[in-house]
Amino acid sequence: MTFRERGRSMRLNIKEKTFIRRGAAVAAVALLAVGAGTASNAAASKAPTVTINVAALIPGSTKAAVAEFNKQIAEFEQQNPTIKVNGVQYDWTGPTFAAELAAGTLPDVFTVPFTDGRSLGEAGQLANLTSYVKQLPYYKEFNPAVIAEGIDGKGQIIAIPTAAYAQALQYNRQLFSQAGLNPNDPPKTWAQVEADAKQITQKTGKTGFSEMGANDNTAGWILTTLDYAFGGRMETGVGTKAKANFDNPQAVQALQMLKTMRWTDNDMGSNFGLSWGTSNQAFAAGQIGMFISGSDVYTNMVQADNINPSIYGLAPIPLANNKNAGVLGGGTLAAVKPTATPAQIAAAMKWITFFYMSPLVNKQQAIRNAQTLVANKQPVGVPELPVFNEKQYQVAQSWIAPFINVPLKQLAPFNSGIFKEKVIPEPEAATQAVYGDLDSVVEDVLTDPGANITSLLQQANSVGQTSITSANSGS
Amino acid sequence: MSKTDVMTPRLEKLDPALRAGAAIRTPRGLALGTPARWVKRGGISKLLFLLPLLFVFGAFSWYPIVRLVLMSLQHTNLVQPATWVGFSNFSAVIHDPLFPIAVRNTAEFAGLALIFGYPIPLIAAVLMSEVRRRRGLYSALAYLPVVIPPVVAVLLWKTFYDAAPNGVFNTVIGWVGISPQPWIQAQHSALPSLVLESTWANAGATVIIYLAALTGVNRELYEAAAVDGAGLWKKVWHVTLPQIRTVMLITMILQIIGTAQVFIEPYLFTQGGPANATLTVMLLIYDYAFGNSLGGDYGKAAALSLMLVAFLAVFSLIYLRATRSWSTH
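Criteria and cut-off values
- Residues numbered from 1 in each chain as written.
- Chains lettered and ligands numbered in written order.
- Predicted model: local features only at pLDDT ≥ 70, side-chain atom pairs only at ≥ 80, totals over all residues.
- Helix = DSSP H or I, 4+ residues; strand = E, 2+ residues; numbered from the N terminus.
- Buried ≥ 20, exposed ≤ 12 C-beta atoms within 10 Å, placed from the backbone.
- Contact = placed C-beta atoms within 7 Å.
- Axes fitted to C-alpha atoms, helices over the stretch in contact; angles between N-to-C directions.
- Left-handed = near helix turned anticlockwise from the far one by under 90°.
- Nonpolar A, V, L, I, M, F, W, Y, C, P; charged D, E, K, R; others polar.
- Domains from an automatic or database assignment.
- pLDDT = per-residue confidence, 0-100.
- Pairing = 2+ DSSP bridges.
- Arc of directions from axis to C-beta.
- Parallel < 35°, antiparallel > 145°, perpendicular 65-115°, else oblique.
- Core = buried A, V, L, I, M, F, W, Y, C linked by C-beta atoms within 7 Å.

Helix and strand counts for chain A come out as 19 helices and 11 strands. Per-residue burial over chain A gives 48% buried out of 475 residues. For chain A, long-range pairs separated by at least 24 residues make up 79% of all intrachain contacts whose partners lie at least 6 apart in sequence.

Following this line, the structure appears as C-alpha cells:
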C-alpha cells in the first residue's frame, strides 16, 4: 500500500464519521438511561442491609441437615429482604464457649443452656432484650418457670427459652428384643433397669446400661439426674444461701446402684469415658442397651449418627418411691451478643422468632418448617417439654401431625408418661462447676472397685461448696 | 597500606586526644561510629530487614509473655474488667487440691517416659547403625509415627485401647495368654497407657538424631576395641555411648522439658480422667482458662504457667551446670 493509499484508508469518510457520531449519541443516551435506572434502584433499596451471624448446626452434621438449614435461611431472607443471615457452625461446649466468649467471636445469635443464661446476663455478656421480647405477640404465653431462666437478677430479659427437655431413658428396642425383653414395656423402676441391663449383656454381649463418665461435666450431670430420680438434691437453698449437698443419701444410693451394675453385674460395658455426643454415637451404633440423656437427643442421632429409627425407644426415667423424686429438666436459651447494634438486635429477634419460636406458635410457619425438615430427611416431632404450656404444645404438635416422621409409637412410653412426672430445674448455683466437681466421683466409682462412695461424695462436697461460694461472690 | 588502614587507623597510632574518644573522621568527613556513618553503611536497610522479624517476635512472643506476667497478677476472665490481686493467684493455685495431683501425675509421666521412652530410641539407633542393608527403610519406618499428626495418632490409639476383650490390643495380648487390660479405663493403667503412645509417637525423631550422631563416631575406635576383644555390647558401652554423650545429654533435657508440658495425650485420651488420674499441669492450666463456661480464670492459668516456666528454667540451669563436665566439649 502506498503512503497515499494508507493515508486515504486512515482518513474516515463522511459516512463513517456520521455513523460514529450517531452511534456515540445512542450510546450516551443508553448510558444515561442505565445510570438513571441504577440511581432509582439505589434510591428504592436504600434501606441498609443488616447482616447477622447466627448459630447453625453442630460440626459434623449431615449434608441433608445443612441443606435444610440453608433453606430456612433463604426463606427468612425472602421474608426479610433487608436482613442477611450467615449460618455459623456452632456447638455449645463449656471450654469452647468460654474461649469464644473471651475472644468475642461468638455469632450474633447463639444458644446457651439454661444453666448459664442468668450468670452470663448478670455479667453483661448478653444483650438486654427486654423491650423487644415484651413486644412479641406470644410473650404472655411463656411458661413462667421457663421464661424465668432467661431473666437476670435485675429483672431484665437477656435470653429467650427456645426449647426445654426432660431427662429420659433412651433404650435400644432391637437389643431388648434380642435379649428376650418386651420393647414396648421399658423398665419403670430402677430394679427393673438393673435386671434388664443384666439380661441384655448376658444375652447379647452388649452394654446393658451405660453411664456418661467423661470429665466434661456430663458425668456430674447424669449423676445429678439420678440423684433427683431417687429424691435427692445436690444443692439446698438459693442465691447466696445456696449450699452444696452432694453427700445426700439419694446420691449414695444412686452411686451404689452404679457400682453394683459395674462390678457385680458387669453390664456397663468397657468404655467409661463416654460423653453426650459419644454416648449418642455408641447408642446409634447399637452398642448400648440403655442410657440416660435428654428427651431431644434423637435429633442429634439422626443429624450426626445416622441412627436406624427402628431401634430407638424412649421412656420416662424411673422415679423412686419418694415424694421428692422428679425428673431433671433443662433447656436452651437463644441470646444475642451485647456488642450487637440496635439494628442487629432487631434483626436477631426476627431470626429467633422465625427459626426457634414461630414453629411453636404459628400454624403456617410450623407446617412450612416441618415440610422443609421432611424434605431434607430431618426428624419432625422429637419429644420436648413445652416452652409455653402443655395445651399450646399439643396444639403445635397437631399442626405438624401429618409430617411427623419420628417413630411416635416407639416414643409413646415417654410422651404419655412425662407429663405425670415432676420436672425439677437443674441446680441453681454454679451449675456447670457443680457438675464438673461431681465428674471425678462417677469416674472413681466406675473405675475403682474399692471406691468409697461416702468419702468421695464428702470430698466432692467441699470442692462443690467452694465453687458455689466463688460463683456467688462473682470471682 | 590498604584502604581500610586509611579509613580506620590502628588505635596505637592515634593521637592520645583521639584515643580518648574524639571522633575519628573518614576522608569524606563522616565520623566513625556515628549515626551518619551507620546510615552510610546501610544501617537503615539492615533495620528494614529486621523489622518484620522484630514485629513477629514482638507481637507473637514477647508481648504475650509480658501480658502473661501481668495477667498472673490479675483476676480476669477476659470478659469483665480485670482487677489487680497481687500474688493471690499463685496462692490459690498452690492451695488447689488438684495442684499436687497434677504435679504428681506430670512427674510420673516424665519419669516413666525417661525410664522407658529414653533408652528405646538409643537402642533402636544403635541397632540400626549396625545394619548393613535397608538402613534407610528402617529409618523411614522409625520416623513414620512422627509424621502422623498427633491428634490422628491419639484417636487411632484410643481405638486400639478399647478395653473390651475384642479390642485391638486386648486381642493381641490375648494371643500370648495375657488377660484383657483396662488401658485408659482404669486409674492405675491410664497414665502408663499414655506414656506408651507418647513414646511410640515421638521416638522416631530422636532415633534420627542419634543416627546422625553415630555417624560422627570414629570407626578406628571400634577397630581398636575389636582388636582388644570387645564384643558388640562392650563396644556400645565403651565407645558409642561416651562418644555421643553430648547428644544424649541434650536429648534428655529436651525430653524432660517436653514431657513436663504434656497436654495432647491427657486431653484427647482421657481429659484428665479417670478421676484425675491423668490430670497434668498443662491440662490444669487449660482447665483454669477454659473449664468454666461462664468465663475462665485466666489469672490462675497465667500464674500456673509462670510457675511451670520458672521450674523448668531452674531445672535446666541446674542440669546444664551438673552435666557440664560430662559433655565431650
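With that out of the way, let us pick up the overall build of chain B. Of regular secondary structure, chain B possesses 17 helices and two strands. Considering chain B as a whole, with its 329 residues, one finds that 29% of them fall into the buried category. When contacts within chain B are restricted to residue pairs at least 6 apart in sequence, long-range pairs at least 24 apart make up 62% of them.

All names here are of chain B. Two numbers describe how helix α6 (residues 98-117) lies on helix α14 (residues 245-260): the axes approach to 9 Å, and their chain directions differ by 145 degrees. When you trace α6 past α14, the crossing you get is right-handed. Contacts between α6 and α14 involve Thr106, Phe109, Ala110, Ala113 and Leu114 from the first element and Gln255, Ile256, Thr259 and Ala260 from the second. Class assignment of the residues belonging to the contact of α6 with α14 gives a composition of six nonpolar, three polar and no charged.

Contact residues are listed per partner, giving 26 residues for chain B and 29 residues for chain A. Each residue belonging to the side of chain B that touches chain A can be placed in one class, and the counts come to 10 nonpolar, 15 polar and one charged.

Residues and elements named next belong to chain B. Assigned domains of chain B: these are domain 1 (3-80) and domain 2 (89-326). A C-alpha centroid distance of 42 Å is found between domain 1 and domain 2. Taken together, the 10 residues of domain 1 in the interface contact 10 residues of domain 2. Contributing elements (two or more residues each) for the side of domain 1 that touches domain 2: α4 (43-72) and β1 (74-75). With four residues, α4 is the single largest residue contributor to the side of domain 1 that touches domain 2. Considered class by class, the residues forming the side of domain 1 that touches domain 2 number five nonpolar, five polar and no charged.

A few words on unusual backbone geometry. Cis peptide bonds are those with omega within 30 degrees of zero, and the linkage from Gly273(B) to Pro274(B) qualifies with -10 degrees. Among the secondary structure elements, Pro274(B) is positioned in the loop between α15 (264-270) and α16 (281-290). Unlike most non-glycine residues, Asn217(A) shows phi in positive territory, near 80 degrees. With a phi close to 45 degrees, Ala430(A) is a non-glycine residue in the positive phi region. With respect to the secondary-structure elements, Ala430(A) resides in the loop between β11 (423-425) and α18 (431-447). Residue Ala430(A) is classed as buried on the basis of its C-beta count, with 26 C-beta atoms lying within 10 Å.

A few words now on the confidence of the model for chain B. Detailed reading of the predicted coordinates is not advisable wherever pLDDT falls low. Here chain B averages 87 in pLDDT, while 89% of its residues score no lower than 70. Below pLDDT 50 for its whole length, residues 1-9 of chain B participates in five contacts with residues either more than four positions away or in separate chains.

Our next topic: the pairing of strand β4 (residues 160-172) of chain A. Residue and element names in this part refer to chain A. Among the 13 residues in β4, 13 count as buried, and that is most of the element. One ladder, built from six bridges, connects β4 with strand β10 (residues 327-336); its direction is antiparallel. Residue pairing across strands places alanine 164 opposite glycine 331, the latter belonging to β10. Relative to strand β9 (residues 312-316), β4 runs antiparallel, the two being bridged by five bridges. From the neighbouring strand, tyrosine 171 faces β9, where its bridge partner is glycine 313.

Glancing now at the domain arrangement of chain A. Residues and elements named next belong to chain A. By domain assignment, chain A separates into domain 1 (50-164 + 330-373) and domain 2 (166-325 + 407-473). A straight line from the C-alpha centre of domain 1 to that of domain 2 covers 28 Å. Taken together, the contact between domain 1 and domain 2 spans 12 residues of the former and eight residues of the latter. In terms of residues, the side of domain 1 that touches domain 2 owes the most to one element, helix α5 (residues 114-122), which gives three residues. Looking at side-chain class alone, the side of domain 1 that touches domain 2 contains five nonpolar, six polar and one charged residues.

A separate point is helix α9 (residues 150-160) of chain B. All names here are of chain B. All of the buried residues in α9 are Ala153, Val154 and Trp157. End-on, the buried residues of α9 take up no more than an arc of 95 degrees, which puts them together on one face. Projecting away from the buried face of α9 at angles above 90 degrees are the exposed residues Val151, Val152, Leu155 and Thr159. On the buried face of α9, the contacting elements are α8 (135-147), α11 (187-214) and α15.

A separate point is the environment of Glu68(A). Residues and elements named next belong to chain A. When you line up the elements, glutamate 68 lands in helix α3 (residues 63-79). Of the residues examined, glutamate 68 has 21 C-beta atoms within 10 Å and is grouped as buried. Each C-alpha atom of the pair glutamate 68 and glycine 117 lies 28 Å from the other, and the pair is 49 residues apart in sequence. In this view, glutamate 68 contacts Thr372, Leu373, Asn376 and Gln378; residues no more than four positions away in its chain are not counted.

With that out of the way, let us pick up the environment of Gln72(A). Residues and elements named next belong to chain A. As for its position among the elements, glutamine 72 is in helix α3. Sequence spacing of glutamine 72 and leucine 373 is 301 residues, and the spatial spacing of their C-alpha atoms is 9.3 Å. Here glutamine 72 is in contact with Phe355 and Thr372, once residues within four sequence places are set aside.

On to the environment of Tyr228(A), then. All names here are of chain A. In this structure, tyrosine 228 sits in helix α10 (residues 218-230). Spatially, the C-alpha atoms of tyrosine 228 and alanine 251 are 8.5 Å apart, while their sequence positions differ by 23 residues. Tyrosine 228 has contacts with Gly326, Val327, Leu328 and Ile424, leaving out every residue within four places of it along the chain.

All names here are of chain A. Relative orientation of the contacting elements α10 and α18 amounts to 85 degrees, with a least axis distance of 6 Å. Looking at the two axes, α10 sits roughly perpendicular to α18. Of the residues in α18, those in contact with Ala219, Gly220, Trp221, Leu223 and Thr224 of α10 are Val434, Tyr435, Gly436, Asp437, Leu438, Asp439, Val441, Val442 and Glu443. Of the residues belonging to the contact of α10 with α18, the class tally is eight nonpolar, three polar and three charged.

This part covers the nonpolar core. With 174 residues, the main nonpolar core has Val109(A) and Trp351(A) as its most contacted residues. Among the elements that take part in this core, helix α14 (residues 342-361) of chain A stands out by supplying 10 residues, more than any other. Setting aside residues up to four positions removed in sequence, Trp351(A) forms contacts with Ile52(A), Val54(A), Phe76(A), Val85(A) and Val109(A). The next biggest cluster of nonpolar side chains, apart from the first, holds 12 residues, and it includes Leu122(B), Val126(B), Val207(B) and Ala213(B).

Looking now at the confidence of the model for chain A. All names here are of chain A. Per-residue pLDDT for chain A averages 88, and the proportion of residues at 70 or more is 90%. Within the model, the stretch residues 1-12 combines pLDDT values under 50 with two contacts to residues more than four positions away or in other chains. Across residues 28-45, where pLDDT falls below 50, the model places zero contacts with residues more than four positions away in sequence or in other chains.

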